[in-house]
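Fold and contact review
Okay, here's what each chain looks like letter by letter:
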Amino acid sequence: MVRQVKRAFKYRFYPTDEQAMELLRTFGCVRLVYNQALEERTRAWYTEQRRLSYAESSARLTEWKKTPELAFLNEVSSVPLQQALRHLQAAFANFFAKRAEYPRFKSRKKSRGSAEYTRSAFTWRDGRLKLAKMREPLDIRWSRPLPEGAEPSTVTVSRDASDRWFVSLLCEDTVPAAPASDRAVGIDAGLTALVTLSTGEKVTNPKHERRDRERLARAQRELSRKQKGSANRVKARRKVARIHARIVDRRRDFLHKLTTRLVRENQTVVIEDLAVRTMLKNRSLARAISDAAWHQMRAMLKYKAAWYGRELVVIDRFLPSSKLCGACGTVHGQLPLDVREWTCDCGAAHDRDINAARNILAAGLAASACGADVRPQRESSRMGRSAVKQETQRATAGLPRL
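All values derive from a computational prediction rather than experimental measurement.

The rules we used
Residues numbered from 1 in each chain as written. Predicted model: local features only at pLDDT ≥ 70, side-chain atom pairs only at ≥ 80, totals over all residues. Heavy atoms only, no water. Domains from an automatic or database assignment. Contact = heavy atoms within 4.5 Å. Buried area = accessible area lost by both parts, 1.4 Å probe. Salt bridge = Lys/Arg side-chain N within 4 Å of Asp/Glu carboxyl O. Polar contact = N/O pair within 3.5 Å; in protein donor to acceptor, adjacent residues only side chain to side chain. Helix = DSSP H or I, 4+ residues; strand = E, 2+ residues; numbered from the N terminus. Nonpolar A, V, L, I, M, F, W, Y, C, P; charged D, E, K, R; others polar. Buried < 20%, exposed > 50% of the residue type's maximum accessible area, 1.4 Å probe, protein only. Pairing = 2+ DSSP bridges.

**Concerning the domain arrangement of the protein**
Under the domain assignment, the protein is made up of domain 1 (2-176) and domain 2 (184-205 + 250-370). Distance between the C-alpha centres of domain 1 and domain 2: 37 Å. Contact with domain 1, which involves 6 residues of that partner, is made by 5 residues of domain 2. When the buried area of domain 1 at its contact with domain 2 is split by residue, Arg3, Arg7 and Val175 rank highest and sum to 65% of it. Summed over the shared surface of domain 1 and domain 2, the result is 1 salt bridge. In this assembly, domain 1 and domain 2 are joined by 1 residue pair in polar contact (both at pLDDT 80 or more). Those elements giving two or more residues to the side of domain 1 that touches domain 2 turn out to be β1 (2-13) and β7 (165-176). Tallying contributions element by element places β1 first for the side of domain 1 that touches domain 2, with 3 residues. Classifying every residue of the side of domain 1 that touches domain 2 by side-chain character gives 3 nonpolar, no polar and 3 charged.

The following block contains the structure:
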């Protein structure tokens, strides 16, 4: 079975000075239009109790272009500006559906510069991409080929904090389903072992941020000593950003390889529903949890399972997977975090992480069979704590507080 999917192909490119100036102007105008429209919508709600639609925001944009103060909006392509309004409309739709928080204003310093071009604002011919308001095509490094005969429907240009330019092309792609398999795997996430599988395999956490922590700290100290507004401070800031980019790139690459292997080898993948945002509020664990990137791993598993015709099952986070005996089903009342192996009253010996992964798999298969979530009764607040939360505390117990 072959699936048609919308797939983004991201490449690095090197703009000329003229192209860079045009893109930077476009980024600034996109940010301005987004913030202006958000301010208008907020004012309309609090003063008139009225919601502005996309059509009304688009009409306001036309009026802004006619004013002397905002006449410079006519100098850039109008398509990225309209796309900014569509993104704001989607943000409000998610907010009213309670899927996201209230939209925030885009900061010039903190927000990523980007602009989205639809089919009417770029030319794609013979593998060369030319954007509106530009005379020359972009100098793109084609690190991998596009699907044969693919025509991009949307192009997104962005620049990261380390001054690297990227272009993302959204294309239709065919993804063949992976061969059918009867294998299933349960995954217990942690910090010492990034994931422990129900097969008994433990994937060591590479700890990408920790490997570059000393180098990053040294670069940040150098940055703090530079005079604000100086050219040397700009260079030092770029150096810090490049270290962060290196960490992010290595982490993403590792997670892509891991999740692709798990999805291709197993028909069913079972994971826990982790409250990562809540865990990050713990100041002593936040850095290690962010480096583990559990949320990013789950997102990759989700879309790859859909692509390859696999099933991803997410079980309730309150399942006492570490304390539950996989042999007799007894929940162990007291299990200190430093106990990595334990023996149940029935005589079964368990490795804490492997036992948890196998219990997660069993709960996921049961939930998949009956089409329901696994939500066990909690006897007390102590019994209801997530096993993965306990694992994060154990793994970082011996580390210095950050």
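So, next bit.
**What to know about the pairing of strand β3 (residues 122-125)**
Side chains Phe122 and Trp124 project from β3 onto a buried face, and the interleaved Thr123 and Arg125 project onto a face without burial. Where β3 and strand β4 (residues 128-131) come together, 4 bridges link them in antiparallel fashion. Opposite Trp124, over in β4, you have Leu129 as the bridge partner. What sits between the antiparallel neighbours β3 and β4 is a turn of 2 residues, in which Asp126 has the positive phi angle 55 degrees.

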